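Structural overview
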Amino acid sequence: MRLALAGPAASDALPTLLKALQDTDPAQRLAVSQAVWEVGRDATDVLPVLSELLSSDRCELRIGAAFVLGQMGEAAAEAVPVLTRNLRKSNQVFERLLLAASLVRITPQHDPAFRLLLEGLSSENADIRYLSTVALGAMPQSRQLTTEEALGAVIQDGNARVRHAAYESLSQMLV
């Protein structure tokens, strides 16, 4: 994790990290994949590992892999079919929202994923509205106008946490 936070400054550790991608512990491979990406910014070695983790029977590994892929943006384009398949078959709300957010960050034109995030804003469940609001705050510029309009309506939400997230997300977009 420290190496991932250090980013390119930890480039001397890259050969060791690349070897660690073969670790037998999937949680370790997930952490190493994120570090390899953050240090080297090369998707070649991490995409196969993250794609494999998306098929795990452990939800936390699937969510972690989807998160890292979303952070990679367009460099993770190869993973879009697996992410899309997982989005269709997942029945866990948090996982679906994270998959949708990752898909839009990788492929801004992914309309089903973007619509899922927008639909989450009108959920009766405040947690879903909150998570959708936070995810929309990280949308690419090509989705900014629609996102700003949707988040503008959320500012009137009856839940203070959701309203705060809307303000935060809108301010993130301004930056």
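Residues numbered from 1 in each chain as written. Predicted model: local features only at pLDDT ≥ 70, side-chain atom pairs only at ≥ 80, totals over all residues. Heavy atoms only, no water.

In this section: the overall build of the chain. Each helix and strand counted, the chain has 11 helices and zero strands in total. Each helix and strand of the chain, placed in order from N terminus to C terminus, yields the pattern α-α-α-α-α-α-α-α-α-α-α. Taking 2.2 N^0.38 as the reference for a compact globule, 175 residues should give roughly 16 Å; the C-alpha atoms of the chain span a radius of gyration of 17 Å, in line with that estimate. Considering only C-alpha atoms, the chain reaches an extent of 50 × 35 × 25 Å along its principal axes. The burial tally for the chain puts 50% of its 175 residues in the buried class. Within the chain, contacts between residues at least 6 apart in sequence are counted, and of these 55% link residues at least 24 apart. One finds the centroid of the 16 positive side-chain charges in the chain at a distance of 3 Å from the centroid of its 20 negative side-chain charges. (Helix = DSSP H or I, 4+ residues; strand = E, 2+ residues; numbered from the N terminus. Rg over C-alpha atoms; globule rule 2.2 N^0.38 Å. Buried < 20%, exposed > 50% of the residue type's maximum accessible area, 1.4 Å probe, protein only. Contact = heavy atoms within 4.5 Å. Lys, Arg positive; Asp, Glu negative; His and termini not counted. Charge placed at Lys NZ, Arg CZ, Asp CG, Glu CD.)

Of the residues making up helix H9 (residues 126–136), those classed as buried are Ala126, Ile128, Arg129, Ser132, Thr133, Ala135 and Leu136. Here the buried face of H9 lies against helix H7 (93–106), helix H8 (111–120), helix H10 (144–154) and helix H11 (160–174). If you check the start of H9, you find a side-chain oxygen 2.7 Å away from the backbone N of Asp127, and it comes from Asn125. (Polar contact = N/O pair within 3.5 Å; in protein donor to acceptor, adjacent residues only side chain to side chain.)

Our next topic: the side chain of Ser56. Note that Ser56 resides in the loop between helix H4 (46–53) and helix H5 (59–72). Overall, Ser56 belongs to the buried group, its relative accessible area being 16%. Other than its neighbours up to four places away in sequence, Ser56 contacts Leu61 and Arg62.

Turning next to H8. Among the residues making up H8, those that are buried are Ala113, Phe114, Leu116, Leu117 and Gly120. For H8, the angular spread of the buried residues around the axis is 155 degrees, confining them to a single face. Buried residues along H8 sit in contact with helix H6 (80–89), H7, H9 and H10. (Arc of directions from axis to C-beta.)

Reported here for the largest pocket is a volume of approximately 280 Å³. If you trace the largest pocket, you find 13 residues lining it, with Phe67, Leu98, Ala101, Val134 and Ala135 closest to the centre. Sorting the residues of the lining of the largest pocket by element identifies H5, H7 and H9 as the ones contributing at least two each. Broken down by element, the lining of the largest pocket gets its largest block of residues, six residues, from H7. Among the residues making up the lining of the largest pocket, the classes are represented as nine nonpolar, three polar and one charged. (1 Å grid on protein atoms, 1.4 Å probe; cavity = no way out; pocket = protein on both sides within 12 Å on 5 of 7 lines; lining within 4 Å. Points joined across faces, edges and corners; volume = space filled by probe spheres on them. Nonpolar A, V, L, I, M, F, W, Y, C, P; charged D, E, K, R; others polar.)

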